[in-house]
Amino acid sequence: MKLTADEERMLSGKSGPGVQRALELLIAVGEAYEAEKLIDISSSHILSPEMQFWNTGQLSRWSRELVAESVEGATHFRVPVTINPIFLEPAIAERLGYPESYIEEMRQSLAFGRETYARLGVIPTYTCCPFYIHTLRQGEHSGGAESLVVLFNNSVLGVRVNRESGPTALATALTGKTPLYGMHLSENRHGQAIVELQDDLDPKAFTYADYNALSYGVGKMVVDKIPVFLGLPRNMSITQLKYLCAPLGVSAGIPMFHAVGITPEAPTLEATLGGRKPETRIEVSKKEISRTFEELCSATEPRVNYVFLGCPHVTIPEMKEIATLLQGKKIKSEVLLVVGTTKPLYLLARQMGLVDIIENSGGMVVSGMCSAGSFLRRGVPEGFHVGVVATNAAKAAHYLKAGGVQVWFGTMQKCINAAVTGKWEDA
Ligand code: F3S
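Residues numbered from 1 in each chain as written. Predicted model: local features only at pLDDT ≥ 70, side-chain atom pairs only at ≥ 80, totals over all residues. Heavy atoms only, no water.

*Asks:* Is there a simple way to explain the site of the ligand in this structure?
*Replies:* Surrounding the ligand, one finds 13 residues, the nearest of these being Cys128, Cys311, Cys370, Ser371 and Ala372. Classifying every residue of the shell around the ligand by side-chain character gives seven nonpolar, four polar and two charged. (Near = heavy atom within 4 Å. Nonpolar A, V, L, I, M, F, W, Y, C, P; charged D, E, K, R; others polar.)

If you want it as structure tokens, here you go:
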């Protein structure tokens, strides 16, 4: 691979062993994909395993050692860098009654990450929706992990980014470089699978859960082909687009989708396909959407003990809807309702009185934590019973179900009802 003088300098170790290893890693990835060269990126989004997938024991120790080695000698990130959420807010662990030793080990691990990334100049977003805070422009090249960020950046913003791993995303942040392959090249960004909504569906009336189900179901059908949605409302909101992105990240291996007339690289179907014929056509009717709703539920009993909203982190309009649904109601004492968002939106929602409404009802609004309930499927201290979870997020339902947790998937309205009554209606 042809390297610039700047890249040769990093490779020689003059910027420290961490940066040297980072460049070696990016070159190895580039060679595997037959990239001609590395390119400059304007930003990166990192996902730190020891913070997001924290667990007691070996995994967190190994992750910490890997990160410590990766940043050895590095003094700063070379581009603006945002970061994904942490695993679990210690305050929630306390509320769940987790042992102090567990919480202490988690605190130490989180402190290591926070200090390390702060020293390197991270923008401490701790969210899977960094686009609420640090937005990029169409055509920019970026580095990054977290499937939602990659899908949103490529599809909704027209930013060019590959689905990277935690270590390669960190390498892009340390070097400001990424190999030129995949989604950085125009020829790989065309649509491949046409998705047609049938007449028995009214997308204008879709709930967030419907968008989740559509995305999750289509992901399973396209597998690795870039879908092109036809017939979605042109005035789709950022919240709806966020829910169209996130489930595709777990039910398919794709980095991008198009929605004709909505996303920036899909002004027309012809332009989206890049002059090629579609590889496949998929029809989605009410039947497929209902089947996905059923598929995402694994619970067998009506009792609900946890309700999670905010996978991906909620927007202000969602926070308003949650507050409106909860106004004047009390959450059942045995149920924990967690609403996850980002720090700036949390502060705005507090200023607007929305956090007070949710908290006065007995719910918790947290910022910076992965609200998919990942702490319920890994790292649960011995002797703690997880119980039954309700959520309106297909991505959270997918992960929880895969982790053996009993889960109900449905609308925000149903989730709030479950928080108030402790039961899933229609169970
Ligand atoms: Fe975000 Fe965690 Fe869901 S990172 S998209 S809240 S799985």
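From this point, the discussion proceeds with the structure in view.
*Asks:* What's the story with the layout of surface pockets in this structure? I'm lost.
*Replies:* Where empty space is left becomes clear once a probe the size of a water molecule has been rolled over the atoms. Put simply, the largest pocket is a space of about 360 Å³. Taken together, 17 residues line the largest pocket, and the ones lying closest to its centre are Gly182, Met183, Asn188, Ile226 and Pro255. For the lining of the largest pocket, the class distribution of residues is six nonpolar, six polar and five charged. (1 Å grid on protein atoms, 1.4 Å probe; cavity = no way out; pocket = protein on both sides within 12 Å on 5 of 7 lines; lining within 4 Å. Points joined across faces, edges and corners; volume = space filled by probe spheres on them.)

*Asks:* Which parts of the structure should I look at to understand the packing of aromatic side chains?
*Replies:* Both the distance between ring centres and the angle between the ring planes are used here to describe each pair of aromatic rings. On inspection of all chains with the given rule, the structure shows 10 aromatic pairs. Summarising the aromatic geometry, the rings of Phe131 and Phe152 are spaced 3.7 Å apart at their centres and angled 10° between planes, so their arrangement reads as stacked. Linking Phe131 in the loop between helix H6 (100–120) and strand E4 (142–144) with Phe152 in helix H7 (residues 147–157), this pair joins segments that are 21 residues apart in sequence. Residue Phe131 shares its accessibility class with Phe152, and that shared class is buried. When the ring of Phe206 is compared with that of Tyr211, the centres are 5.2 Å apart and the planes differ by 80°; the resulting orientation is edge-to-face. Overall, Phe206 belongs to the buried group, its relative accessible area being 10%. A relative accessible area of 0% means that Tyr211 is categorised as buried. A network of ring pairs unites the aromatic residues Phe131, Tyr132 and Phe152 as a single cluster. Stacked on the ring of Tyr126, the Lys or Arg Arg114 has its end atom at 5.5 Å from the ring centre. Positioned over the ring face of Tyr243 is Lys242, at 4.4 Å from the centre of the ring. (Phe/Tyr/Trp six-rings, centres within 6.5 Å; stacked < 30°, edge-to-face > 60°. Helix = DSSP H or I, 4+ residues; strand = E, 2+ residues; numbered from the N terminus. Buried < 20%, exposed > 50% of the residue type's maximum accessible area, 1.4 Å probe, protein only. Lys NZ or Arg CZ within 6 Å of the ring centre and 35° of its normal.)

*Asks:* Before we go on, may I ask you to explain the pairing of strand E2 (residues 43–46) in this structure?
*Replies:* The side chains of a regular strand alternate between both faces of the sheet. Side-chain alternation along E2 places Ser43 and His45 on one buried face and Ser44 and Ile46 on a second face that is also buried. Sheet topology note: the E2/E4 ladder contains three bridges and is parallel. Considered in E4, the bridge of His45 is made with Gly144. As paired strands, E2 and strand E3 (residues 81–83) are joined by three bridges and run parallel to one another. Looking across to E3, one finds that Ser44 is bridged to Val81. (Pairing = 2+ DSSP bridges.)

*Asks:* Mind showing me how you'd approach the side chain of Ser215 here?
*Replies:* By the element assignment, Ser215 lies in helix H9 (residues 208–222). On the basis of relative accessible area, Ser215 is assigned to the buried category, the value being 0%. The contacts of Ser215, once residues within four sequence positions are left out, are Tyr243, Leu244, Cys245, Pro247, Leu248 and Ser251. (Contact = heavy atoms within 4.5 Å.)

*Asks:* Explain the sheet that holds strand E10 (residues 306–309) to me, please; I cannot follow it from the model alone.
*Replies:* Two pairing modes exist for strands in a sheet, parallel and antiparallel, and in both the strands are linked by backbone hydrogen bonds. With parallel pairing, five strands are arranged side by side in an open sheet as E12-E11-E10-E13-E14. Strands with a single pairing partner mark the edges of an open sheet, and in this sheet they are strand E12 (364–367) and strand E14 (406–409). When strand polarity is set aside, the average angle formed by the axes of neighbouring strands in this sheet is 25°. As paired strands, strand E11 (residues 336–341) and E12 are joined by four bridges and run parallel to one another. What sits directly across from Val338, in E12, is Met364. (Axes fitted to C-alpha atoms, helices over the stretch in contact; angles between N-to-C directions.)

*Asks:* For this particular structure, what's the right way to read the sheet that holds E2?
*Replies:* Across the sheet, three strands lie side by side as E3-E2-E4; this open sheet has parallel pairing. Both outer strands of the open sheet, E3 and E4, are each paired with one neighbouring strand and no more. Here the strands of the sheet are splayed against their neighbours by 15° on average, with no regard to which way each runs.

*Asks:* Could you clarify how one ought to interpret the packing of helix H2 (residues 17–32) against helix H8 (residues 166–175) in this entry?
*Replies:* Angle between the axes and distance between the axes are the two parameters that describe a pair of packed helices. Their axes nearest at 9 Å, the elements H2 and H8 cross at an angle of 120°. As judged from the angle between their axes, H2 and H8 are oblique. Remark: the crossing between H2 and H8 carries left-handed chirality. Contacts from Val19, Ala22, Leu23, Leu25, Leu26 and Val29 of H2 reach H8 at Pro167, Thr168, Ala171, Thr172, Leu174 and Thr175. (Parallel < 35°, antiparallel > 145°, perpendicular 65-115°, else oblique. Left-handed = near helix turned anticlockwise from the far one by under 90°.)

*Asks:* What exactly am I supposed to notice about unusual backbone geometry here?
*Replies:* Leave glycine aside and you will find that most residues have negative phi; peptide bonds, for their part, are mostly trans. Omega for the bond connecting Cys311 with Pro312 falls within 30 degrees of zero, at 0°, which places this linkage in the cis form. Looking at where Pro312 falls in the secondary structure, it is placed in the loop between E10 and helix H14 (316–326). If you check the backbone angles, Glu34 has positive phi at about 55° while not being a glycine. Tracing the backbone shows Glu34 in the loop between H2 and strand E1 (38–40).

Just distances and angles here, no functional claims.
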